[in-house]
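Below are the chains, spelled out letter by letter.
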Amino acid sequence: ANRKFRSDRQPFSRLLFDATEQGDCRRVSILGPTQSGKTLIGFVIPILYHLFERGENVIVGVPTMEVAKDKWEQDLLPAIEASAKFRGLLPVTGEGSRGGAIKSAVKFGNGATLRFMTGGGGDAARSGATARVVVVTEVDKMDLSAGTSREADKITQLERRTDSHADQARIYLECTVSYEQGRIW
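Let us look at the structure shown here. Here the structure is a predicted model, which is why all the values come from computation and not from measurement.

## Observations regarding helix 2 (residues 38-53)
Next, step 1: Maximal helix bending in helix 2 amounts to about 30 degrees, located at V44; proline P46 follows within four positions.
Next, step 2: Along helix 2, the positions that sit buried rather than exposed are K38, I41, G42, F43, V44, P46, I47, L48, H50, L51 and F52.

Below you can see the structure in the form of structure tokens.
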């Protein structure tokens, strides 16, 4: 906390980021125990990289909008505010501006949009937007299709948001290790 990220603190992260940046990894799954750094490495950094360094829209899959609110307020917003390079891109109006609530999407000063899609609701909750990048957190809480769903499970539905980008798509999945049959495994 309150220090710049350095990959030498968790050396595997340098290999992961290098492979991702070179395009060697289309789909990345990060799992680990609580407090292992996986949220920073597998959720926050990929989102900030694609939003701000690449200027791309990012779809974020979360189990509920309550989780989206927590991820925004506790993980993403503090990281953006701590960055002299990125904080000037925070929205000045609309969702996420001036400590405002988020309902579904935050549009930044560089034109990139962070769109939250939940595991709740019907299939329509995970449709209607596409992006080259999808980042999903708490994967094991979203791995089953609804009993009334005519479509695939929720994670697959989120991954389909990248279909128009084919081999250029990037999908990041992050989760605390839960049970061996969970989707993250």
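## What about helix 1 (residues 12-21)?
Next, step 1: Within the span of helix 1, buried status applies to S13, L16, A19 and T20. What you see down the axis of helix 1 is that its buried residues fit within an arc of 135 degrees, all on one side. Those residues of helix 1 that are exposed and aimed more than 90 degrees away from the buried face are L15 and E21.
Next, step 2: Of the surrounding elements, those touching the buried residues of helix 1 are strand 1 (27-32), helix 2 and strand 6 (170-176).
Next, step 3: Trailing helix 1 by a residue or two, G23 shows a phi angle of about 85 degrees, which is positive.

## Regarding the pattern of salt bridges
Next, step 1: Taken as a whole and judged by the stated rule, the model has 9 salt bridges.
Next, step 2: One salt bridge in this structure joins R27 and E159, with 2.8 Å as the shortest N-O distance. Of this pair, R27 sits in strand 1 while E159 sits in helix 4 (residues 154-159); the two residues are 132 residues apart in sequence, bridging distant segments of the chain.
Next, step 3: Residue class for E159 comes out buried when judged on its relative accessible area of 7%.
Next, step 4: Among the ionic pairs, R132 bridges to E56, the shortest N-O distance being 2.4 Å. Here E56 lies in the loop between helix 2 and strand 2 (58-62) and R132 lies in the loop between strand 4 (113-118) and strand 5 (133-137), a separation of 76 residues in the sequence. Each member of the pair, R132 as well as E56, is classed as buried.

## Some thoughts on the side chain of E159
Next, step 1: Separated by 2.8 Å, the side chains of E159 and R27 make a polar contact.
Next, step 2: What E159 contacts, discounting residues up to four positions off in sequence, is R27, I171, L173 and R183.

## Describing the sheet that holds strand 4
Next, step 1: The strand order across the open sheet built from 6 strands is 1-6-5-2-4-3, with neighbouring strands paired in mixed fashion. On the outer flanks of this sheet lie strand 1 and strand 3 (105-107), each paired with one strand and no other. The mean inter-strand angle of the sheet, taken between neighbouring strand axes irrespective of direction, is 15 degrees.
Next, step 2: Pairing geometry for strand 2 and strand 4, over 5 bridges, is parallel. Looking across to strand 4, one finds that V58 is bridged to L114.

## Remarks on the packing of helix 1 against helix 2
Between two packed helices, both the angle of their axes relative to each other and the distance between the axes serve to describe the pair.
Next, step 1: Relative to each other, helix 1 and helix 2 sit at 40 degrees, their axes nearing to 12 Å. Accordingly, the angle class assigned to the pair helix 1 and helix 2 is oblique. Crossing angle aside, the handedness with which helix 1 passes helix 2 is right-handed. Of the residues in helix 2, those touching helix 1 at F12, S13, L16, F17 and E21 are I41, I45 and Y49.
Next, step 2: Residue classes in the contact of helix 1 with helix 2 are distributed as 6 nonpolar, 1 polar and 1 charged.

Criteria and cut-off values
- Residues numbered from 1 in each chain as written.
- Predicted model: local features only at pLDDT ≥ 70, side-chain atom pairs only at ≥ 80, totals over all residues.
- Heavy atoms only, no water.
- Bend = angle between axes of the 7 residues up to and from the residue.
- Helix = DSSP H or I, 4+ residues; strand = E, 2+ residues; numbered from the N terminus.
- Buried < 20%, exposed > 50% of the residue type's maximum accessible area, 1.4 Å probe, protein only.
- Arc of directions from axis to C-beta.
- Contact = heavy atoms within 4.5 Å.
- Salt bridge = Lys/Arg side-chain N within 4 Å of Asp/Glu carboxyl O.
- Polar contact = N/O pair within 3.5 Å; in protein donor to acceptor, adjacent residues only side chain to side chain.
- Pairing = 2+ DSSP bridges.
- Axes fitted to C-alpha atoms, helices over the stretch in contact; angles between N-to-C directions.
- Parallel < 35°, antiparallel > 145°, perpendicular 65-115°, else oblique.
- Left-handed = near helix turned anticlockwise from the far one by under 90°.
- Nonpolar A, V, L, I, M, F, W, Y, C, P; charged D, E, K, R; others polar.

Nothing here speaks to function; it is geometry throughout.
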